[in-house]
Amino acid sequence: MHREIQKMREAALVYLDRSGGLQKFLQDCKKYSDSKQSYAVYRFVISINPSDIAELDATLGNHILHNPIQAAQIFQSVCFIAIKTLSLIEQLQTEAQISILLKPTHLPPLPSYVLSLAAFPFNYTSQRFYMSEGIAIAMGIVTKYTQGARFLCTEETCQFSKGFRYIRVHLPGATESATVRNDFVCSLCSSPLQEDMKFRVLGDKQIVEMIDAKVLNALKGYSNGKSHFRIQTFTVFLRDELANKMTIGNHYKIIGIPACVQNGLQATACIEVNSIQLCKPSGPSFVSDNFKYLLSLTTSSCWRFTAILANIFASQVVPPGTYNTLKLAILLSLVQTCEKENADYLDLLIVTSDTLVIDRLLNYSLCLLPRGIRHPPYSDLFPSVSKDKHGTGSASIQACSAVLAKGGICYIGDLASYKKDKLELLQSVLESRTTTVFIPGKKYGEEADQQVTISLQTNFWSYVDSSSKKHTQKDNFLIGQMDMSLIPPNLVDGFGLLIHNEFPSCQLSSPLVHHILKKAIHPEAMLYKVSQQFRMQDYEEFILFAKNLHVELSPEAESLIQGYYLASRRVRRDSMHGSTLSASALKILISLSKAHAKLSLRKKVLEEDALIAILLLESSLTLKHGKSALCIAPNPVFPFDLSDENSLQQRDSYLMQCHHQLLKFIGTYGPGIHIKTNED
């Protein structure tokens, strides 16, 4: 046995030399030596590649994977011998003072190395490395824990009353009381041991709650899936250099050692994390053949492809040809989702009396993204603070619907159902894309109050019931303006697009009535041929591909957008408040233009994309403030039904007229602005 351990020590030294770990170890030793201070524990982090170790020495590789605590002792011996042989740290006295953390780069891609709380049995006693993944849904603030401590015998005549014979080091899953207690006794004279407090080494500790990513499927508003699964949160401990390496709402892969922490009568399964890896979403590198064929048929016009997409979209929920403007806006919002800060967001607020149909349509659309979250009314929309449930008494920030929808859509339902304070908070979030959590220090055992700012990278969808009796009727509405008295004006402006659906509830279209009745009788039936040609999965792949396209504004599109924006600011004014066009309108125009280019599978934003963006925004502004001098039609993007190629040609001609009308508007109300066009 001794020969085998010696062989593994030699292999460990060879690996450290080959991998560059020895050089890092020497640098760490120099830092300790230069400090001229004696420590109870000298901590070293060693990065381990299990594949390379196994090729070098299979026995050592097996030890690292299945007995990491014993494997750490082998590296501990190697490091101690190296320090003493080369006189790297003069203050070091015993091998027990060295603490080794093995940090594996990966684990074998085999089921036995994957840990899931949904699978039984949950083997938390094995004390070996497992890989797990999930979403961080709660994060505690960073606190201190005892990394190592020195104990001395209380009997002055005992030889262990001085020196570094008794060193206590934190082990995975150990509580504070397991590392530092007052009932230890000397192994030589059986006298009580007492901690030498001036040698206690403290480290950072953070408790994070994670949950399987499958929870996102449970939080969608609509699903065709028939599978059932168990979801449970699990606790992970981040220590020292890993503290604050996670962000709430992100998806991570972790490698660590499972343990069971006892807190009174309650036992909690947890994982002591050694390695963290952020899981970045990757979209498909293709679209279906049917979409490719449709794109090839519509190359003669920059508007036809997206028009047909909107026309046939969500045929499982509403008949083709209905709610086209709303469906186009939904598609544009879907492709403008990403996890980057300062992204081009596109929020939707829908005014409707057909709340049931709209709710079904929005629920269906959520499922096209990995992170489409329908906010449950009984939970928090934005992050909140609660006391940590592990007995520490510290603060823990809880995730919410808006955080879980990171890089996706957060559908918050009927806007009128929220109280004033929640609406004010929503308005602040729409303006800044951040929210601040206040942590009172006195309540959570901290010396000072804290404020934590959390970024919310999601698009928000909501609707307002126009048939609600809460609406107050006014007589001073402008032409085209809608009654939005129930919602604060600044909040309405916070949403990128305000959309009014085409059909009043008392005049539902005949195809929609037939669709609802047929679906009620045969819920699983495919009522239209396009539902078979363009399946839900095809739309998922299409949107994931389109949203990852990097698009740039062409000079012509940029000129048209700026010209319209400046002219509209001059036209939409009142004597008391100045321009009624919000400062965010320019961002919304750019976001809409980029979204239409992505939806068209182009990497450059053209004038045609900018025109659709301008018509959608002008329609939204008309609903908010009434008509302007541009004077567009009530439904400018889809002025009539799309039934055949002639109707598509007719729509193209109509949009060309809109383009000329827009140029005249800019020329009249935007003096000094020269618009570059393709004709120039």
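Rules of the game
Residues numbered from 1 in each chain as written. Predicted model: local features only at pLDDT ≥ 70, side-chain atom pairs only at ≥ 80, totals over all residues. Heavy atoms only, no water. Helix = DSSP H or I, 4+ residues; strand = E, 2+ residues; numbered from the N terminus. Buried < 20%, exposed > 50% of the residue type's maximum accessible area, 1.4 Å probe, protein only. Areas by Shrake-Rupley, 256 points an atom, 1.4 Å probe, with all protein chains shown as cover. 1 Å grid on protein atoms, 1.4 Å probe; cavity = no way out; pocket = protein on both sides within 12 Å on 5 of 7 lines; lining within 4 Å. Points joined across faces, edges and corners; volume = space filled by probe spheres on them. Nonpolar A, V, L, I, M, F, W, Y, C, P; charged D, E, K, R; others polar. Contact = heavy atoms within 4.5 Å. Polar contact = N/O pair within 3.5 Å; in protein donor to acceptor, adjacent residues only side chain to side chain. Pairing = 2+ DSSP bridges. Axes fitted to C-alpha atoms, helices over the stretch in contact; angles between N-to-C directions. Domains from an automatic or database assignment. pLDDT = per-residue confidence, 0-100. Parallel < 35°, antiparallel > 145°, perpendicular 65-115°, else oblique. Core = buried A, V, L, I, M, F, W, Y, C linked by side-chain atoms within 4.5 Å. Lys, Arg positive; Asp, Glu negative; His and termini not counted. Salt bridge = Lys/Arg side-chain N within 4 Å of Asp/Glu carboxyl O. Phe/Tyr/Trp six-rings, centres within 6.5 Å; stacked < 30°, edge-to-face > 60°. Lys NZ or Arg CZ within 6 Å of the ring centre and 35° of its normal.

Along the protein, the regular secondary structure elements total 21 helices and 23 strands. A total of 680 residues make up the protein; the buried ones form 52% of that total. Split by element, the accessible area of the protein, about 32400 Å² in all, is 52% carbon and sulfur.

Attention now goes to empty space enclosed by the protein. The tally for this structure, following the rule as stated, stands at 4 cavities of 30 Å³ or more. Taken together, Asp493, Thr580, Leu581, Ser582, Ala585, Ile588, Leu617, Leu621, Lys624 and His625 make up the full set of residues lining the largest cavity. Every element with two or more residues in the lining of the largest cavity is listed here: α19 (585–599) and α20 (607–625). Broken down by element, the residue count for the lining of the largest cavity peaks at 4 residues, all from α20. Residue classes in the lining of the largest cavity are distributed as 5 nonpolar, 3 polar and 2 charged.

We now examine helix α4 (residues 58–66). Taken together, the buried positions of α4 are Leu60, Gly61, His63, Ile64 and Leu65. Where the residues of α4 are buried, they touch α1 (2–19), β1 (42–48), α3 (50–56), α5 (68–86) and β2 (98–104). Measuring from the backbone nitrogen of Thr59 back to the side-chain oxygen at the start of α4 gives 3.1 Å, which picks out Asp57 as the cap.

In this structure, Glu540 sits in helix α17 (residues 536–547). Placed 173 residues apart in sequence, Glu540 and Cys367 show a C-alpha to C-alpha distance of 8.1 Å. The residues touching Glu540, leaving out its near neighbours within four places in the chain, are Cys367 and Leu368.

Let's shift gears to the sheet that holds strand β18 (residues 459–465). Reading across from one edge, β12-β15-β18-β11-β19 is the order of the 5 strands in this open sheet, with parallel pairing throughout. The two strands at the open ends of the sheet, each matched to only one other strand, are β12 (372–374) and β19 (497–500). Strand-to-strand twist across the sheet, computed as the mean angle between neighbouring axes with direction ignored, equals 20°. As paired strands, β12 and strand β15 (residues 409–414) are joined by 3 bridges and run parallel to one another. Residue pairing across strands places Arg374 opposite Tyr411, the latter belonging to β15.

Estimated volume of the second largest pocket: approximately 950 Å³. Along the wall of the second largest pocket there are 33 residues; nearest its centre are Thr337, Cys338, Glu339, Lys547 and Asn548. Among the secondary structure elements, those contributing two or more residues to the lining of the second largest pocket are α17 and α19. Residue classes in the lining of the second largest pocket are distributed as 13 nonpolar, 10 polar and 10 charged. When residues are assigned to domains, the lining of the second largest pocket turns out to be shared by domain 2 (109–217 + 235–256 + 264–275) and domain 3 (289–468 + 478–667), each giving three or more.

Put simply, the protein has an average pLDDT of 84, and 89% of its residues get 70 or more. Across residues 503–507, confidence stays below pLDDT 50; counting only partners more than four residues off in sequence or on other chains, it has 9 contacts.

Below, the discussion takes up the packing of α1 against α5. One way to put it is that α1 packs onto α5 with a least axis distance of 9 Å and a crossing angle of 70°. If you check the angle between α1 and α5, you find them roughly perpendicular. From α1, Met8, Arg9, Ala12, Leu13 and Leu16 reach across to α5, where they touch Ile74, Phe75, Ser77 and Val78. Tallied by class, the residues present in the contact of α1 with α5 amount to 7 nonpolar, 1 polar and 1 charged.

Here we take up the environment of Tyr113. With respect to the helices, strands and loops of the structure, Tyr113 is situated in the loop between β2 and β3 (130–140). A relative accessible area of 8% places Tyr113 in the buried class. For the pair formed by Tyr113 and Ile255, sequence separation is 142 residues and the distance between their alpha carbons is 9.5 Å. Setting aside residues no more than four positions away along its own chain, Tyr113 makes contact with Leu65, His66, Leu107, Pro108, Arg128, Phe129, Tyr130 and Met131.

Within soluble globular proteins, side chains that are nonpolar generally end up buried alongside one another. One finds Ile330, Leu334, Trp461, Tyr539, Tyr564, Leu592 and Leu662 to be the most contacted residues of the largest nonpolar core, which totals 87 residues. Of all the elements, α20 adds the most residues to this core, at 9 residues. Filtering out sequence-adjacent residues up to four positions away, Leu592 remains in contact with Leu332, Leu346, Leu497, Ala613, Leu616 and Leu617. One finds Ile141, Cys400, Ala402 and Phe495 within the second-largest nonpolar core, a separate group that totals 56 residues.

Once that is clear, we can look at the side chain of Asp57. Structurally, Asp57 can be placed in the loop between α3 and α4. There is no salt bridge for the buried Asp57, and the closest opposite charge comes from Lys7, which lies 4.4 Å off by N-O distance. Non-local contacts of Asp57, meaning those with residues more than four positions away in its chain, are made with Lys7, Met8 and Ala11.

What follows concerns the packing of aromatic side chains. Scanning all chains against the criterion turns up 18 aromatic pairs. Site record: aromatic cluster; members linked through ring pairs are Phe291, Phe305, Phe313, Tyr364, Phe534, Tyr539 and Phe542. One residue, Arg128, lies across the ring of Tyr130, its end atom 4.1 Å from the ring centre.

This part is about the pairing of β18. When you tally the buried positions in β18, you get 7 out of 7 residues, the bulk of the element. Neither face of β18 is left uncovered, since the one carrying Asn459, Trp461, Tyr463 and Asp465 and the one carrying Phe460, Ser462 and Val464 both have all their residues buried. Bridging between strand β11 (residues 348–352) and β18 involves 5 bridges; their strand directions are parallel. Paired with Ile350 across the strands is Tyr463, a residue of β18. When β15 meets β18, the two strands line up parallel, connected through 4 bridges.

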